[in-house]
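# Structural description and commentary
The chain contents come next:
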Amino acid sequence: MSERKEERERKKKGEGMRKLLTRMKNLGSEGVAAAETLLVLCRDPRKFLENKDSAVPQVPHLKHIVKDNWCSKTFEKRLDGMDDVWSLFLPKSDVEHNIFQFLKSTENLNRRPAVPVIVYDVNGTTYEMMLRRSQGGTGYRLGNGGRGGWTEFYQTHGLAHQQIISVCAFRHKENDVLCIVLMARRDEACSSSQNTATSRN
């Protein structure tokens, strides 16, 4: 095949890919997530496959229940004035980029008020919660949804203002339920603020 013909073929494929990505993005958040995944696969399929296993958090028994050994990229949320004992506020970009890729078409949060979620803590303990769009559409809230919801998680782990929560998502291998792992940790900022409060007392 001549160089000119090869160039025409590359342009044709590139144009077809651009049209496909545009159509996918027009489908909404799910389409955007799918388009981003497709781009990664096209550029370097090995990168996508390597990330599937490396993202599984070090939580007891978790590796055995993660569907296809695929977890989202872990992101962090610092507890602030948007959070309370009733719900955890998650930024819109983090949820739509990392969690939306695991939602089924019937779980589209643009069409339904909330989605049930099973949350795991670092010990493998489960909590029943609901993921819903926040008022004003600025983000999403993970709140109480049944047995041992966010309130119990909050109290069990003794959460406090400025504490950092690591978040990642996956689907359960056996029942295909949407799952989220929440791992609470204390960083220097949180520790120093507590030490300051202690010294004042």
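Only a predicted model underlies this, so the values are computations on that prediction, with no experimental measurement involved.

### Structural notes on the overall build of the chain
Helix and strand content of the chain: six helices and seven strands. Along the chain, helices and strands appear, N-terminal first, in the series α-α-α-β-β-α-β-β-β-α-β-β-α. Counting across all 201 residues of the chain, residues that qualify as buried make up 38%. When contacts within the chain are restricted to residue pairs at least 6 apart in sequence, those whose partners lie at least 24 apart make up 55%.

### Describing the confidence of the model for the chain
Per-residue pLDDT for the chain has a mean of 77; in total, 62% of the residues score no lower than 70. Averaged pLDDT values over the elements of the chain bottom out at 38 in helix H6 (residues 188-200) and peak at 95 in strand E2 (residues 87-91). Scored below 50 in pLDDT, residues 43-54 makes 11 contacts in the model with residues more than four places away or belonging to other chains.

### A word on the sheet that holds E2
The mixed open sheet is built from seven strands, whose spatial order is E1-E6-E7-E3-E4-E5-E2. At either margin of the open sheet sits one strand with a lone partner, and together these are strand E1 (75-78) and E2. Strand after strand, the sheet turns through a mean of 35° between neighbouring axes, direction not considered. With five bridges connecting them, strand E4 (residues 126-133) and strand E5 (residues 139-144) associate as antiparallel partners. For Met129, the partnering residue across the bridge sits in E5 and is Asn144.

### Observations regarding the pattern of salt bridges
By the definition in use, this model includes six salt bridges. Across the pair Asp176 and Lys104 runs a salt bridge, and its minimum N-O distance is 2.8 Å. Note that Asp176 is positioned in the loop between strand E6 (164-171) and strand E7 (178-185) and Lys104 in the loop between helix H4 (92-98) and strand E3 (114-120), a separation of 72 residues in sequence. A residue is classified by how much of its surface remains accessible, and Asp176, at 18% relative accessible area, is buried. In this structure, a network of salt bridges that share partners links the residues Lys67, Lys104, Glu107, Arg171 and Asp176.

### Digging into the side chain of Ser87
Within the secondary structure, Ser87 is located in strand E2. Relative accessible area serves as the criterion here: at 11%, Ser87 is assigned to the buried category. In terms of polar contacts, Ser87 uses its side chain to reach the side chain of Arg141, at 3.0 Å.

### Some remarks on the environment of Gly143
Following the sequence through the fold, Gly143 ends up in strand E5. In this structure, the C-alpha to C-alpha distance between Gly143 and Val85, residues 58 residues apart in sequence, is 8.9 Å.

### With respect to unusual backbone geometry
The phi angle at Gln162 is positive, at roughly 80°, despite the residue not being glycine. As for its position among the elements, Gln162 is in the loop between helix H5 (150-156) and E6. Judged by relative accessible area, which is 26%, Gln162 ranks as partly exposed. Of note in this structure, Asp176 is not a glycine but carries a positive phi near 60°.

### Notes on the state of the cysteines
All told, the structure shown has zero disulfides when counted by the stated rule. Cys71 takes part in no disulfide bond, and the closest cysteine sulfur to it belongs to Cys168, at a distance of 4.7 Å. Take Cys71: its relative accessible area is 4%, and that puts it in the buried class. Using a relative accessible area of 0% as the deciding quantity, one classes Cys168 as buried.

### Examining the pairing of E1
Along E1, the buried face is formed by Phe75 and Lys77; none of Glu76 and Arg78, which line the opposite face, is buried. Sheet topology places E1 next to E6; four bridges connect them, and they run antiparallel. Across the sheet, Lys77 pairs through a bridge with Ile165, a residue of E6.

Cut-offs and rules
Residues numbered from 1 in each chain as written. Predicted model: local features only at pLDDT ≥ 70, side-chain atom pairs only at ≥ 80, totals over all residues. Heavy atoms only, no water. Helix = DSSP H or I, 4+ residues; strand = E, 2+ residues; numbered from the N terminus. Buried < 20%, exposed > 50% of the residue type's maximum accessible area, 1.4 Å probe, protein only. Contact = heavy atoms within 4.5 Å. pLDDT = per-residue confidence, 0-100. Pairing = 2+ DSSP bridges. Axes fitted to C-alpha atoms, helices over the stretch in contact; angles between N-to-C directions. Salt bridge = Lys/Arg side-chain N within 4 Å of Asp/Glu carboxyl O. Polar contact = N/O pair within 3.5 Å; in protein donor to acceptor, adjacent residues only side chain to side chain. Disulfide = S-S within 2.5 Å.

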